[in-house]
Amino acid sequence: MSLWKLLQVSSAIRSSARSASYLGKVKYDYDLVVLGGGSAGLACAKEAVDNGARVLCFDYVKPTPVGTKWGLGGTCVNVGCIPKKLMHQASLLGEAVHEAVAYGWNVNDQNIKPDWQKLVKSVQNHIKSVNWVTRVDLRDKKVEYVNSMGAFVDPHTIEYSVKGGPKQQATAEYVVVAVGGRPRYPPILGATEFGITSDDIFSYDREPGRTLVVGAGYVGLECACFLKGLGYDPTVMVRSIVLRGFDRQMSELLEAMMSERGVQFLHTTIPSSVERQGDGRLLVKYRNTTTEKEDSDVFDTVLWAIGRKGLIEDLNLPAAGVETKNDKIVVDSTEATNVPHIFAVGDIIHGRPELSPVAILSGRLLARRLFAGSKQLMDYADVATTVFTPLEYSCVGMSEEMAIQTHGPDNIEVFHGYYKPTEFFIPRKSVRHCYLKAVAEITGDQKILGLHYIGPVAGEVIQGFAAALKSGLTVKTLLNTVGIHPTTAEEFTRLSITKRSGRDPTPASCCS
Ligand code: FAD
Ligand code: NA7
């Protein structure tokens, strides 16, 4: 018997007071240990228990440099999708109040302002209720939960310590790593002392005021937009281009829409330092990488949105022999790492979309494969996503660039059109950026490769089309689908102008 198998057996004997399970020849404390109680880890743990496994789940949140911390449930619930959507909604309501006047509502004070502290309190109260429901759910489902970091001692053994208590160990037949990621800080003077991230903004105890958002990805644009909608003054610092990786035309339209609403942009610029001034405000020095010109400006808040790093550093992965790439874990199509009984799901996986529903479904499917004999793999293709800016941008499938690259420019057809949402007419809202397109194969029934939409409730619009696209939607089917009138989603059933034709894609009226 090899040395480490001997160690496993002795570890299992050590913990024989706990009820143990036999899945293989070796006796372990648990069938499954899950590291991380976020979207992926919780979905995997609960599904495993539903299929008869004994599961232990660890979740622990290290406070941010300014001391923000939160409860069970991971990024999405505490510092991601949920508080972001609530802040987005709060900012949309600010717009809606002004529109309401045009619709005949008597809103006496046109200079209404949100109460930031009240908003933060409401958002945090909701999050706490979700934390509570999550805990109760784990208890009801009999998932053992430990509020502690977990780290490998060997490939089957996890070490942990509860509230600074003595070190303890648990062994498992399988280990699923679902530790997610945290925002990066740039390696510049003052970054951690004076800057905050999306981990802090949703519970920030003072008004953000004039805010520099560094980073023009998904998180940066969303934060800048809800801040603008709430009456603050955001500037987005863009290192290269906005929304790298998304369709270029749509990204540029989105930037134009944001500019029209008063969000400032500093292009091809990177920060050099952040200092606190005598008056408490933050002096940011920066450099334009095109002109090499150095400049500075003063802000109330600096928010880093420069991407996220995988939380591998506390896992002691070398003890388990798990391979990593940059700060992510490399897995195969079964989410297995190079160590066959250790798996990884969610944001910690290298090269997969960082989205909550992706994390949930991949965690659930993995548990079914491990404990219910399922063979179903996670399909990471054609995952729809939405950028929650005031006119939202949602897409599924390929960008135009990707379609050209994979199929060749002569083999794709792009159908497109601007449109005028009916509800925009009375308040005279700008329709300049309401635009959608379908990227399709040029031959046959024209299989659709990608759908893109900028407009109201984009996520709600694209969700259904995403199912259609996964079922092989063609332009022929789309145009044979009768629209629901008057909606903006119906515009997809009316797409008749191709880019190739050069015809004007601006609509004449709403109903023709
Ligand atoms: P996480 O949810 O991050 O969970 C991992 C958990 O493991 C964390 O609680 C972590 O503290 C804990 N942990 C780490 N190391 C250890 C350890 N060693 N031991 C024990 N516990 C550990 N996605 C969408 O689909 N839609 C959106 O609108 C959306 N908006 C977002 C907005 C923002 C601002 C951000 C930051 C993200 C957003 N996302 C969105 C992404 C989404 O939140 C993530 O994809 C999702 O939370 C990933 O889930 P996960 O389980 O992989 O990781
Ligand atoms: P992204 O999408 O990786 O975007 C990061 C942005 O920050 C992007 O615009 C980067 O510019 C920019 N960046 C990166 N490093 C720097 C430095 N050092 N200085 C200035 N700017 C920088 O990350 P997000 O956090 O927005 O989103 C991550 C996921 O979270 C997303 O997929 C959602 O699912 C949730 P670049 O284009 O690299 O030049």
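Treat the numbers as computed from the prediction; the structure is a model and nothing was measured. (Residues numbered from 1 in each chain as written. Chains lettered and ligands numbered in written order. Predicted model: local features only at pLDDT ≥ 70, side-chain atom pairs only at ≥ 80, totals over all residues.)

Student: Help me understand the overall build of the protein, please; the structure alone is not making it clear to me.
Tutor: Helices and strands together make up the secondary structure of the protein, namely 13 helices and 26 strands. Taken against the 2.2 N^0.38 rule, which gives 24 Å for 512 residues, the C-alpha radius of gyration of the protein at 25 Å falls within 12% of a compact globule. Counting the 512 residues in the protein, one finds 42% classified as buried. Once local pairs closer than 6 in sequence are excluded, the contacts in the protein between residues at least 24 apart make up 65%. (Helix = DSSP H or I, 4+ residues; strand = E, 2+ residues; numbered from the N terminus. Rg over C-alpha atoms; globule rule 2.2 N^0.38 Å. Buried ≥ 20, exposed ≤ 12 C-beta atoms within 10 Å, placed from the backbone. Contact = placed C-beta atoms within 7 Å.)

Student: In this structure, what is going on with the sheet that holds strand β11 (residues 210–214)? I would like to understand it.
Tutor: Sheet strands associate in pairs through backbone hydrogen bonding, adopting either a parallel or an antiparallel arrangement. The strand order across the open sheet built from five strands is β10-β17-β11-β12-β13, with neighbouring strands paired in parallel fashion. This sheet does not close on itself; its edge strands, each paired only once, are β10 (195–197) and β13 (264–266). Neighbour to neighbour, the strand axes of the sheet diverge by 30 degrees on average, direction disregarded. As judged from the three bridges shared by strand β12 (residues 233–237) and β13, these two strands associate in the parallel manner. Residue Thr 235 lies in a different strand from β13, and its bridge partner there is Gln 264. (Pairing = 2+ DSSP bridges. Axes fitted to C-alpha atoms, helices over the stretch in contact; angles between N-to-C directions.)

Student: So what exactly am I meant to see when it comes to the pairing of strand β25 (residues 435–441) here?
Tutor: Within a regular strand, side chains alternate between the sheet's two faces. The buried count for β25 comes to six of seven residues, which makes it a mostly enclosed element. Pairing of strand β24 (residues 412–418) with β25, which is carried by seven bridges, proceeds in the antiparallel orientation. Counted as the bridge partner of Val 414 is Val 439 from β25. Relative to strand β26 (residues 448–455), β25 is paired through six bridges, and the arrangement is antiparallel. Among the inter-strand pairings, Leu 436 is bridged to a residue of β26, identified as Tyr 453. Hairpin connection of β25 to β26: six residues between the antiparallel strands, including Gly 444 at a positive phi of 60 degrees.

Student: What exactly am I supposed to notice about the site of ligand 2 here?
Tutor: Surveying the vicinity of ligand 2 reveals 18 residues, the closest of which are Gly 215, Gly 217, Val 219, Ser 240 and Gly 307. Counting residues per element, the shell around ligand 2 draws most heavily on helix α8 (residues 218–229), at three residues. Taken together, the residues of the shell around ligand 2 sort by class into nine nonpolar, five polar and four charged. The residue makeup of the shell around ligand 2 includes at least three contributed by each of domain 1 (22–183 + 307–381) and domain 2 (191–306). (Near = placed C-beta within 6 Å. Nonpolar A, V, L, I, M, F, W, Y, C, P; charged D, E, K, R; others polar. Domains from an automatic or database assignment.)

Student: Looking at this model, I keep getting lost on the environment of Tyr 453. Mind explaining?
Tutor: Of note, Tyr 453 is situated in strand β26. Overall, the presence of 29 C-beta atoms within 10 Å leaves Tyr 453 in the buried class. Sequence separation of Tyr 453 and Tyr 393 is 60 residues, and the distance between their C-alpha atoms is 5.7 Å. Once you skip the residues sitting within four places of it in the chain, Tyr 453 turns out to touch Ser 394, Leu 436, Ala 458, Val 461 and Ile 462.

Student: Just checking my understanding: could you explain the UniProt feature "domain: Pyridine nucleotide-disulphide oxidoreductase dimerisation" (unreviewed entry) in the protein for this structure?
Tutor: As annotated in UniProt, the feature "domain: Pyridine nucleotide-disulphide oxidoreductase dimerisation" (unreviewed entry) corresponds to residues 383–494 in the numbering used here. Helix makes up 24% of residues 383–494 and strand 28%. Its end C-alpha atoms lie 24 Å apart. (UniProt positions renumbered as here; feature names shortened; annotations may be inferred.)

Student: How should I be thinking about the site of ligand 1 in this particular structure?
Tutor: Surrounding ligand 1, one finds 35 residues, the nearest of these being Gly 36, Gly 38, Gly 74, Gly 180 and Gly 346. Those elements that provide at least two residues to the shell around ligand 1 are α2 (39–50), α3 (74–79), α4 (81–102) and α10 (356–371). A class-by-class count of the residues in the shell around ligand 1 yields 17 nonpolar, 13 polar and five charged.

Student: Quick question: what am I supposed to make of the nonpolar core here?
Tutor: If you look at soluble globular proteins, the nonpolar side chains tend to sit buried side by side. Leu 221, Ala 438, Leu 451, Ile 454 and Ile 462 are the most contacted members of the largest nonpolar core, which totals 82 residues. For this core, the leading source of residues is α8, giving eight residues. Beyond its immediate sequence surroundings of up to four residues, Ile 462 is in contact with Ala 384, Thr 386, Ser 394, Cys 395, Val 396, Leu 451 and Tyr 453. Judged by nonpolar contacts, the second largest core, of 54 residues, contains Val 33, Leu 138, Met 149 and Ala 344. (Core = buried A, V, L, I, M, F, W, Y, C linked by C-beta atoms within 7 Å.)

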